[in-house]
Amino acid sequence: KLLRKRPALLELDPMETVVPFVRTVTTVLDYDTKGASILLCKRPSLMDYPEIAVAEVLSLLLSLGIEERLLRFLLLRFPGIAEINPSQVRSSLRCLVRDAHFEINELWPVIRESPWVMCYDTETESIPVIEFLEKIGVQNVKLIIQTEPRVLGCSVPEQLEPVYRFLLSIGLSRRAIPLVLQLFPCVLIASIEEKLVPNRDYLISLGLARAEVAHMARAFPQILVLDIEEEMAEVVRFLASKGVEDIAEFVYRLPSVLAFDVNSNLKPKLSLLERVGYETHQIVEFPGCLSFSLEDVIIPRIAFLRYLGADVSSKRLPIVLACSEDRFCERVASRPTSEFQEFCRDLAEKRGLNRHPGKQRKRKRKRRTRKDNRAFPTRCRFPIGELSSQR
């Protein structure tokens, strides 16, 4: 496989190409020869990189307290890490600690998920970004970098400043913008022409006023980067088909509904509420009912009331769903909390579930992916494709 990628290797002396790299990774990271060969197959150019530079980069990363096995795994995912200039790595890590106020033990999670942060030029990219964020009033720059490391590769005059001006133009105050950015840093790297402006215009086309769009953006900044056709428009069409007349008012009161999946989220919830007798106008009065977990809140509480023989639809949705578990048992069901919990355990067993009602189940965090990378342009000189291997 390696010779297919680099047939010119047949003309080179392996003692000067392959052996130095294998010696380095086996010494520093305790790789076996098989692991070293996998790295070379993924990144043949590693043989051309100085042995001492590879050793220095790996040693720098180990000095952060990273376990060898974790660094071996990271190197297999992103073999191009070993080709980064050691002085560049040292400068990037120093910038994160000194300017972004990272602790040493906080660097590894960022590097693990986004190793290309070590490729950004600190003087022309990372430091100007940090200074700009502090200038506009961001109190926790570290949080933004931890959530969206790609922001360090953005151009301040070409990306960050235009985004800031856009947020001002939709009605967000200078005090609110730093809070929005800390809540959802992805806004900083979104394309203004392809994402932010079209989303703003679509919300206005629903009948929302400029001040209402600003309020929604502050409460749920994700609406600025949602896909119009595949997400927002699909939700709007579904709500209209269910008889919701004032779509603008509905989404204004629950902005996150525009991000809900119709088939797996909205349809099951509305279908259940309709089956137990709730009408559209009752749901419109309390859009927040759609934000509660179907499995953990809606089904257990409705099933318990029906078990008690109560007329579920006669009780207002906020009273049934929005109160705490103890308050629900005391004010709505008029039963001890222990009885409700026992009922829920039995219900979970019958339905093949193993969760406690009222508690949101823990979901394994997944790496965010985007179908259309054009929505997230950056000024990265070393995007992920440069660090990962090509299959």
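Residues numbered from 1 in each chain as written. Predicted model: local features only at pLDDT ≥ 70, side-chain atom pairs only at ≥ 80, totals over all residues. Heavy atoms only, no water.

Participant: Residues and numbers for the packing of aromatic side chains, please.
Facilitator: One pass over the structure, following the stated rule, counts 7 aromatic pairs. With 6.4 Å between their ring centres and 40° between their planes, F286 and F292 make a pair best called tilted. What makes F286 buried here is its relative accessible area of 16%. Taken together through their ring pairs, the aromatic side chains of F304, Y307, F328, F340 and F343 make up a single cluster. K269 extends its terminal NZ or CZ atom over the ring of F260, reaching a point 5.4 Å from the ring centre. A cation over a ring is seen here: R301 above F328, with NZ or CZ 5.0 Å from the ring centre. (Phe/Tyr/Trp six-rings, centres within 6.5 Å; stacked < 30°, edge-to-face > 60°. Buried < 20%, exposed > 50% of the residue type's maximum accessible area, 1.4 Å probe, protein only. Lys NZ or Arg CZ within 6 Å of the ring centre and 35° of its normal.)

Participant: Could you give me a rundown of the nonpolar core, with the residues and numbers involved?
Facilitator: Within the largest apolar cluster, 122 residues are counted, with the highest numbers of intra-cluster contacts made by L167, V257, L258 and F328. Excluding residues that lie within four positions of it along the chain, L258 makes contacts with L203, M216, I223, L226, E231, M232, V235, V236 and V251. (Core = buried A, V, L, I, M, F, W, Y, C linked by side-chain atoms within 4.5 Å. Contact = heavy atoms within 4.5 Å.)

Participant: Give me the pattern of salt bridges: which residues, what numbers.
Facilitator: On inspection of all chains with the given rule, the structure shows 10 salt bridges. Across the pair E56 and R90 runs a salt bridge whose closest N-O atoms are separated by 2.4 Å. Here E56, found in helix α4 (residues 51-62), pairs with R90, found in helix α6 (residues 86-98); they are 34 residues apart in sequence, far enough to count as distant. Judged by relative accessible area, E56 falls into the partly exposed class, the value being 32%. Across the pair R335 and E339 runs a salt bridge whose closest N-O atoms are separated by 3.7 Å. The class of R335 is partly exposed, set by a relative accessible area of 36%. (Salt bridge = Lys/Arg side-chain N within 4 Å of Asp/Glu carboxyl O. Helix = DSSP H or I, 4+ residues; strand = E, 2+ residues; numbered from the N terminus.)

Participant: Describe in detail the environment of K267, supporting the description with residues and values.
Facilitator: If you trace the backbone, K267 turns up in helix α16 (residues 262-275). Spatially, the C-alpha atoms of K267 and K242 are 9.9 Å apart, while their sequence positions differ by 25 residues.

Participant: Pulling in residues and values, what's your account of unusual backbone geometry?
Facilitator: Its identity is not glycine, yet H101 carries a phi of approximately 65°, on the positive side. By the element assignment, H101 lies in the loop between α6 and α7 (107-113). The class of H101 is exposed, set by a relative accessible area of 53%.

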